[in-house]
Amino acid sequence: MITPTSEEVVAIRYQSGTNEQESWLEVDASHPYISLETFDSTQEVLFVQQKEPTKDWSRSYEYQHDSVSRTWSLVEKAKETEEAYTLGLYATAYTSTNTIDHLYQYSCGAGLESTISLPFNRNLSLVVDLDAQYANSNNIWTDSYTLLGGSMGLGYRFQLGNNFQMIPSLSYGVLAHHCEECLDGTDKKTWYTAQQATAVVRFEFPIRQSMLAYLRIQARLMIEQENTGLLYGAGTGIRFAW
């Protein structure tokens, strides 16, 4: 008998062998009894996946059988498709539209992003993003810009397969520029701040049990009192899940 992980599970499927294959046998979650006619406990394991309404199949749970005690034990419990907390490091690059090409055309840097799943919906998460970038100037008044950004928003997880998921998110925050101000003939450094609205689509796939690789497609709207500027680009990095 297989015990469902929650009352929401509507179906269970399983297979046995040394490696996971495409051939699954499905059972109803209300009557989760299975029978293995042949099973080599010295080499094979039992793979089990569970399914909730409107969601894809979970990742596999692997069970090993002890022929002496005639008991089953969980080899390594798979991470749930919705991690409670993740922390990601990424490299990023943006290009600007014509509305801000008098400042800079390209910027690149690195960032830190964390997500916390909300208790009332495990697919919905709070997203906090911090990044630092460098950009060469396109005008004669300053040589370069240092960009510091911080934002907070919401993301939603879509499971596209057992090992692939997409998380679009929207966030709002502050974008600060640090540069030389040469209009008065001096080289003093000045900070300029603006509001920012950011849209990100993140694609993730697991590397290890608690480590994921991901790709970010991103767009950032810089909002000042009289002007706006659009930055768009991509990023890639590693996430750690708890």
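Structure shown above.
I will try to describe carefully the structure that is included in this document. (Residues numbered from 1 in each chain as written. Predicted model: local features only at pLDDT ≥ 70, side-chain atom pairs only at ≥ 80, totals over all residues. Heavy atoms only, no water.)

Details of the pattern of salt bridges
For side chains of opposite charge, pairing can occur when their charged atoms come near one another.
Point 1. Counted according to the given criterion, the structure contains 9 salt bridges.
Point 2. With its nearest N and O atoms 2.8 Å apart, the salt bridge here joins R202 to E204. Each member of the pair, R202 as well as E204, carries the same accessibility label: buried.
Point 3. Within this structure, E113, D129, R157, R202, E204, R216 and R239 form a network of salt bridges that share partners. (Salt bridge = Lys/Arg side-chain N within 4 Å of Asp/Glu carboxyl O. Buried < 20%, exposed > 50% of the residue type's maximum accessible area, 1.4 Å probe, protein only.)

Focus on the pairing of strand β7 (residues 106–118)
Where a strand is regular, its side chains alternate between the two sheet faces.
Point 1. Examined bridge by bridge, strand β6 (residues 85–96) and β7 share 11 bridges and lie antiparallel to one another. When the bridges of β7 are listed, A93 appears paired with C108.
Point 2. Judged from the 11 bridges that link them, β7 and strand β8 (residues 121–136) form a sheet pairing that is antiparallel. Note that in β8 the partner of E113 across the bridge is D129. (Pairing = 2+ DSSP bridges. Helix = DSSP H or I, 4+ residues; strand = E, 2+ residues; numbered from the N terminus.)

Focus: the side chain of S60
Point 1. Examined against the element boundaries, S60 turns out to sit in the loop between β3 (45–51) and β4 (61–66).
Point 2. Polar contacts involving the side chain of S60 include one to the side chain of E20, which spans 2.7 Å.
Point 3. At 3.0 Å, the side chain of S60 and the side chain of Q49 are in polar contact. (Polar contact = N/O pair within 3.5 Å; in protein donor to acceptor, adjacent residues only side chain to side chain.)

Side note on the environment of V174
Point 1. Secondary-structure assignment places V174 in strand β11 (residues 164–181).
Point 2. Judged by its relative accessible area of 46%, V174 is partly exposed.
Point 3. The spatial distance from the C-alpha of V174 to the C-alpha of T193 is 6.9 Å, given a sequence separation of 19 residues.

Points about the environment of T142
Point 1. Looking at the element boundaries, T142 is found in the loop between β8 and β9 (144–156).
Point 2. Of the residues examined, T142 reaches a relative accessible area of 5% and is grouped as buried.
Point 3. Residues T142 and E180, spaced 38 residues apart in sequence, show a C-alpha to C-alpha distance of 5.3 Å.
Point 4. Among residues more than four places away in sequence, those in contact with T142 are S137, C179 and E180.
Point 5. A distance of 3.1 Å separates a polar side-chain atom of T142 from the backbone oxygen of E180. (Contact = heavy atoms within 4.5 Å.)

Notes on the nonpolar core
The tendency in soluble globular proteins is for nonpolar side chains to be buried side by side.
Point 1. Counting residues in hydrophobic clusters, the biggest one holds 11 residues: Y94, L103, Y104, A135, Y145, L147, L175, C179, A194, M222 and L231.
Point 2. At the level of secondary structure, the elements contributing two or more residues to this core comprise β9 and β11. (Core = buried A, V, L, I, M, F, W, Y, C linked by side-chain atoms within 4.5 Å.)

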